[in-house]
Amino acid sequence: MDKIKKGLGRGLSSLIGETKIESQKNMLSISDIVPNKYQPRKIFDENNLNDLTNSIRERGMIQPIIVRKSVENISKFEIIAGERRWLAAQRAGLNNVPVVITEADDLKSLEFAIVENVQRHDLNPLEEAQGYKRLINDFSYDQEKVSKFIGKSRSHITNSLRLLTLPDDVIKLIETQKLTAGHAKVLVGLENASFVATKIIEKKLSVRQAENFVKIFKNKKQISSNNKDTNIIALELSISNKIGLNVDINNNKRNKGKISFEYKDLDQLNKIIDIIKKHY
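Note that the structure is a prediction, hence the values are computed from the model and not measured. Each chain carries its own residue numbering, running from 1 in the direction its sequence is written. Where totals are concerned, whole chains, interfaces and linings use all residues; where local detail is concerned, this predicted model gives features only for residues with pLDDT of at least 70, and gives and counts side-chain atom pairs only at 80 or more. For the side-chain quantities, the full set of heavy atoms in the structure was used; hydrogens and water were omitted.

**A closer look at the overall build of the protein chain**
Next up, step 1: Within the protein chain one finds 14 helices and seven strands.
Next up, step 2: Here the contacts in the protein chain between residues at least 6 apart in sequence split such that 65% fall between residues at least 24 apart.
Next up, step 3: With residues, only the protein chains shown are counted as cover, and all accessible areas are computed by Shrake-Rupley using a 1.4 Å probe. As presented, the protein chain carries roughly 16400 Å² of accessible surface, and 48% of it is formed by carbon and sulfur atoms. Only runs of H or I of at least four residues qualify as helices and only runs of E of at least two qualify as strands under DSSP, and these elements are numbered from the N terminus. Note on contacts: a residue pair is in contact if any heavy atoms of the two residues lie within 4.5 Å.

Below is the structure:
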């Protein structure tokens, strides 16, 4: 562990160089290989997997899979890096695949998996965060050590880990790529993250638009001293998002009230007037 300085800075090959590797070229039966229990990547893009399958079927597997002897089953080998290639090889109908056998403990296996995936940009934001969390929880890393090992800033690690504090339904939206990492960062720390997430998807907001949406929502929460109906708040936000100005709707129990627009200069006032004239 003391040898580890910057995983991404030195590259995967440097990490491999720190482990003992069997020098002979190896071919293993696909059935003798099992997935990495520390693999941070849970979702494999179906189109990319199909492309790799077709490539392997046509040209064979050029890049070997990195494996270690399985601790749980001595007759098997556990993947350290290359699970996507292993899955594609199965689909392509290969019986044997080239491998590099290395000696690696659980920590090294997790480090290999994280570095390979982050280098290839294969992890979604949550998988990346979960990989960092495992280094911290299972192997006593702190955020500073993770930062140095991965080669990313401390703030990147902190912000990444904060994604894991989001509600489960929001996390699901990120995993299924209905929300981007940029959207997710906007939602962190919001009490109403689930509500805002649904509005972002419903309105197809960009990250910048989502940031403005949240700012308006926070302002509304600070200004409002009573418990305003969430449907009224949603309507205020919807109008505000369309015209780019703060909107306040006061609606009483008899559904009577008033709507007001906040403007900061004559240009904004003229914008409101133009909108009203065009539609009424």
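**A few points about the pattern of salt bridges**
Next up, step 1: Salt bridges are defined by distance alone: a side-chain nitrogen of Lys or Arg within 4 Å of a carboxyl oxygen of Asp or Glu. Taken as a whole and assessed by the stated rule, the structure comprises five salt bridges.
Next up, step 2: Of the charged contacts, one joins Arg91 and Glu46 as a salt bridge, the two residues approaching to 2.8 Å between their closest N and O atoms. Highlighted residues: Arg91 in helix α4 (residues 83-92) and Glu46 in helix α3 (residues 46-59), separated in sequence by 45 residues.
Next up, step 3: In this structure, Arg154 and Glu144 form a salt bridge, with 3.4 Å as the shortest nitrogen-oxygen distance. Here the residue Arg154 occupies a position in helix α8 (residues 154-162), and Glu144 occupies one in helix α7 (residues 143-150), the gap between them amounting to 10 residues.
Next up, step 4: By relative accessible area, Arg154 is classed as partly exposed at 40%. Summary of the burial criterion: residues with accessible area below 20% of their type's maximum are buried, those above 50% are exposed, and those between are partly exposed, where the area comes from a 1.4 Å probe applied to protein chains only.

**Examining the pairing of strand β7 (residues 257-261)**
Next up, step 1: Strands qualify as paired when DSSP identifies two bridges or more between them. Where strand β6 (residues 247-251) meets β7, five bridges bridge the pair, whose relative direction is antiparallel. Along β7, the bridge assignment pairs Ile249 with Ile259.

**Looking at the packing of helix α6 (residues 125-139) against α7**
Next up, step 1: With axes taken as lines fitted to C-alpha atoms, and helix axes fitted only over the stretch in contact, angles between N-to-C directions fall between 0 and 180 degrees. Closest axis-to-axis distance for the α6/α7 pair is 10 Å, and the angle between their directions is 125°. Between α6 and α7, the angle falls in the class oblique. Read as a crossing pair, α6 and α7 show a hand that is right-handed. Contacts between α6 and α7 involve Tyr132, Leu135 and Ile136 on the former and, on the latter, Gln143, Val146, Phe149 and Ile150.
Next up, step 2: Classes in brief: Ala, Val, Leu, Ile, Met, Phe, Trp, Tyr, Cys and Pro nonpolar; Asp, Glu, Lys and Arg charged; the others, Gly included, polar. Residue classes in the contact of α6 with α7 are distributed as six nonpolar, one polar and no charged. For classification purposes, an angle smaller than 35 degrees is called roughly parallel, one larger than 145 roughly antiparallel, one from 65 to 115 roughly perpendicular, and anything else oblique. Handedness of a helix crossing follows the sense of rotation of the near helix relative to the far helix, less than a right angle counterclockwise being left-handed and clockwise being right-handed.

**Points about the sheet that holds strand β5 (residues 96-101)**
The strands making up a sheet associate through backbone hydrogen bonding, with each pair oriented either parallel or antiparallel.
Next up, step 1: The five strands lie next to each other as β1-β5-β3-β4-β2, forming an open sheet whose pairing is mixed. Both edges of this open sheet fall to β1 (26-29) and β2 (33-34), since each of them pairs with a single strand only.
Next up, step 2: Here β2 runs beside strand β4 (residues 77-81); their pairing, made up of two bridges, is parallel. Each residue of the ladder has a partner; that of Ile33, found in β4, is Phe77.
Next up, step 3: The strands touched by α4 are β2, β3 (65-69), β4 and β5; relative to β4, the strand with the most contacts, the crossing angle is about 120°.

**Section: the packing of aromatic side chains**
Next up, step 1: Any pair of Phe, Tyr and Trp rings, taking the six-membered ring for Trp, is counted once the centres come within 6.5 Å. Such a pair is stacked with planes under 30 degrees apart, edge-to-face with planes over 60 apart, and tilted for the rest. The full count for this structure, using the stated rule, is zero aromatic pairs.
Next up, step 2: A ring is considered to have a charge above it if a Lys NZ or an Arg CZ atom is located within 6 Å of its centre and within 35 degrees of its normal. The ring of Tyr141 carries Lys145 above its face, with NZ or CZ at 4.9 Å from the centroid.

**Thoughts on α4**
Next up, step 1: Considered for burial, the residues of α4 that qualify are Glu83, Arg85, Trp86, Ala88, Ala89 and Ala92.
Next up, step 2: The first or second residue beyond α4 is Gly93, which carries a positive phi of 85°.

**Re the nonpolar core**
Next up, step 1: Core analysis: the largest hydrophobic core is formed by 24 residues, its most contacted members being Leu166, Val170, Ile174, Leu179, Leu187, Val196 and Ile200.
Next up, step 2: Put simply, the parts of the chain that give this core at least two residues each are α9 (168-175), α10 (181-187), α11 (193-203), α12 (207-223) and α13 (230-243).
Next up, step 3: Setting aside residues up to four positions removed in sequence, Leu187 forms contacts with Leu166, Val170, Leu179, Ala193, Val196, Ala197 and Ile200.
Next up, step 4: Take the buried residues of types Ala, Val, Leu, Ile, Met, Phe, Trp, Tyr and Cys, join any two whose side-chain atoms come within 4.5 Å, and each joined set is a nonpolar core. The next biggest cluster of nonpolar side chains, apart from the first, holds 18 residues, and it includes Ile56, Val67, Val97 and Val99.

**A word on the confidence of the model for the protein chain**
Next up, step 1: A score between 0 and 100, pLDDT records how confident the predictor is in each residue. Here the protein chain averages 79 in pLDDT, while 83% of its residues score no lower than 70.
Next up, step 2: Per-element confidence in the protein chain is highest for β2, whose mean pLDDT is 92, and lowest for helix α1 (residues 7-10), whose mean pLDDT is 43.
Next up, step 3: Here residues 1-17 scores under 50 on pLDDT; set against residues more than four positions off or in separate chains, the count is 43 contacts.

**Some words on the environment of Asn251**
Next up, step 1: With respect to the helices and strands, Asn251 occurs in strand β6.
Next up, step 2: Once the C-alpha coordinates of Asn251 and Ile232 are considered, the two residues, 19 residues apart in sequence, prove to be 8.0 Å apart.
Next up, step 3: Other than its neighbours up to four places away in sequence, Asn251 contacts Ile232 and Lys256.
Next up, step 4: Whenever two N or O atoms come within 3.5 Å, that pair is a polar contact, provided that in protein one can donate a hydrogen and the other can accept it, and provided that, for residues adjacent in sequence, both atoms are side-chain atoms. A distance of 3.1 Å separates the side chain of Asn251 from the side chain of Asn255, its partner in a polar contact.

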